[in-house]
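Structural overview for review
Below are the chains, spelled out letter by letter.
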Amino acid sequence: MSEFQSTLWTVIRGAGKGDEAALRDFVLKYRPPVLAYLARRGFRAEAEDLAQEVFLRVFQDRVLLKADPSLGRFRSLLLSVTRHVLGHHVERELAKKRVPPPPVPEPSTDEDFDREWVAHLIEVALARLAKEHPNYHEALRASLEGGTPADYNHVARGKKKLAEYLKDQVRDYSASRAELDEELRFLSRFFPNP
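Along every chain, residues carry numbers that run from 1 in the direction the sequence is written. With pLDDT at 70 or above as the cut-off, local features in this predicted model cover only qualifying residues; side-chain atom pairs require 80 or more to be listed or tallied, and sums for whole chains, interfaces and linings still use all residues. Only hydrogens and water are set aside when side-chain values are computed; all heavy atoms of the structure are taken into account.

**Describing the nonpolar core**
One broad trend across soluble globular proteins is that nonpolar side chains are buried collectively. Membership of the largest hydrophobic core comes to 47 residues, with the highest contact counts inside it found for Ile-12, Phe-26, Tyr-30, Phe-74 and Leu-187. For this core, the leading source of residues is helix α2 (residues 20-43), giving eight residues. A contact between two residues is defined here by any heavy atoms of the two lying within 4.5 Å. Apart from the residues within four sequence positions on either side, Tyr-30 is in contact with Leu-8, Ile-12, Phe-55, Phe-74, Arg-75, Leu-78 and Trp-117. To form a nonpolar core, buried Ala, Val, Leu, Ile, Met, Phe, Trp, Tyr and Cys residues must be joined to one another through side-chain atoms within 4.5 Å. Note on exposure labels: buried denotes an accessible area under 20% of the residue type's maximum, exposed denotes more than 50%, and partly exposed covers the range between, all computed with a 1.4 Å probe on protein chains only. Strands are runs of DSSP state E lasting at least 2 residues, helices are runs of H or I lasting at least 4, and numbering of each runs from the N terminus.

**Digging into helix α3 (residues 47-60)**
Given a helix with a known number of residues, its expected span is that number minus one, times 1.5 Å. Between the first and last C-alpha of α3 there are 19 Å, a value that for 14 residues agrees with the 20 Å anticipated at 1.5 Å per step. Those residues of α3 that are buried lie in contact with α2, α4 (63-66) and α5 (74-97).

**Description of helix α9 (residues 177-188)**
Helix length check: α9, at twelve residues, gives a terminal C-alpha distance of 16 Å against a target of 16 Å (1.5 Å per residue), a fit within 8%. Within the sequence span of α9, burial applies to Leu-180, Glu-183, Phe-186 and Leu-187. The buried residues of α9 occupy an angular sector of 130 degrees when projected down its axis, which confines them to one face. Exposed side of α9, more than 90 degrees from the buried face: Ala-178 and Arg-185 are the residues found there. To obtain the arc, one takes the directions from the helix axis to the C-beta atoms.

**Regarding the packing of helix α6 (residues 110-132) against helix α7 (residues 134-144)**
Note on definitions: angles span 0 to 180 degrees between N-to-C directions of axes, and those axes are lines fitted to C-alpha atoms, for helices only across the stretch in contact. Direction vectors running N to C along α6 and α7 enclose 125 degrees, while the axes themselves pass 5 Å from each other. The pairing of α6 with α7 is recorded here as oblique in orientation. Where α6 abuts α7, its residues Leu-126, Leu-129, Ala-130, Lys-131 and Glu-132 lie against Pro-134, Tyr-136, His-137 and Leu-140. Gly is put with the polar residues, along with every residue not named as nonpolar or charged; the nonpolar set is Ala, Val, Leu, Ile, Met, Phe, Trp, Tyr, Cys and Pro, and the charged set is Asp, Glu, Lys and Arg. A class-by-class count of the residues in the contact of α6 with α7 yields six nonpolar, one polar and two charged. Angular relationships are summarised with four words: roughly parallel below 35 degrees, roughly antiparallel beyond 145, roughly perpendicular across 65 to 115, and oblique for the angles in between.

**A few points about the pattern of salt bridges**
Salt bridges are defined as contacts in which a side-chain nitrogen from Lys or Arg sits within 4 Å of a carboxyl oxygen from Asp or Glu. Applying the stated criterion to the full structure yields 18 salt bridges. Of the charged contacts, one joins Glu-183 and Arg-73 as a salt bridge, the two residues approaching to 2.6 Å between their closest N and O atoms. One end of the pair, Glu-183, is in helix α9; the other, Arg-73, is in the loop between α4 and α5, and 110 residues separate them in sequence. Taking the relative accessible area as the measure of exposure, Glu-183 reaches 3% and is therefore buried. Between Arg-171 and Asp-168 there is a salt bridge, and its shortest N-O distance comes to 3.0 Å. In this pair, Arg-171 and Asp-168 are both assigned in helix α8 (residues 152-172), three residues apart and thus about one turn of the helix distant. Like Asp-168, Arg-171 is buried. Here the residues in one salt-bridge network are Arg-73, Arg-75, Asp-114, Glu-182 and Glu-183, joined through shared partners.

**Describing the confidence of the model for the protein chain**
Scored from 0 to 100, pLDDT reflects the predictor's confidence in each residue. Scored by pLDDT, the protein chain has a mean of 85; 89% of the residues are at 70 or more. Taken element by element, the predicted model of the protein chain shows its lowest mean pLDDT in α4 (85) and its highest in α3 (94).

**Remarks on the environment of Ile-122**
Among the structural elements, Ile-122 can be located in helix α6. C-alpha of Ile-122 to C-alpha of Ala-163: the two residues are 41 residues apart in sequence and 9.2 Å apart in space. The contact partners of Ile-122, leaving out residues within four places of it in the chain, are Leu-166 and Phe-191.

**Considerations on the environment of Phe-59**
Topologically, Phe-59 is positioned in helix α3. In contact with Phe-59, not counting residues within four places along its chain, are Leu-23, Phe-26, Val-27 and Leu-64.

**Observations concerning unusual backbone geometry**
Unlike most non-glycine residues, Arg-62 shows phi in positive territory, near 60 degrees. Mapping Arg-62 onto the fold places it in the loop between α3 and α4. Its relative accessible area of 49% is what places Arg-62 among the partly exposed residues.

What follows is the structure, given as structure tokens:
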């Protein structure tokens, strides 16, 4: 078995077939970026309910069984479902108020969701760093907050470990080495240059 055969696509397929462990893994992986995206779009109070509706739609409409890695990034499909749910929510709210629709806000882009995705990847990687190498995590935190880290070697090692953990996460949802390399190139534009 190659390092890419046990990917997030395996989880997506399993969740689509109703496998309980796969469903749980799927929601754990995708729920935080969906919530963050909804909150940033101005729906902080309704984000939990809307995210639940997104996942119900994904599961009930059998979106996961129709997903195909050759058609592009899965998160783009999830973003499409999220936009659809959000549009229906706004329509329902306006109908309740019986007011004319507001001016159409500037549509969000896939890049908005990609930023939420990257933020989630970083959050997970930082949590792993804090658990496995608390001294590196603390040195990075002190460095980012403008303080003086106790050990600059810990900062360098922490950055290296963090990059490794991020790559591990991307590998988890990549189906091949080529897809991993392409996704890393794509996501690198969201990281500041050192």
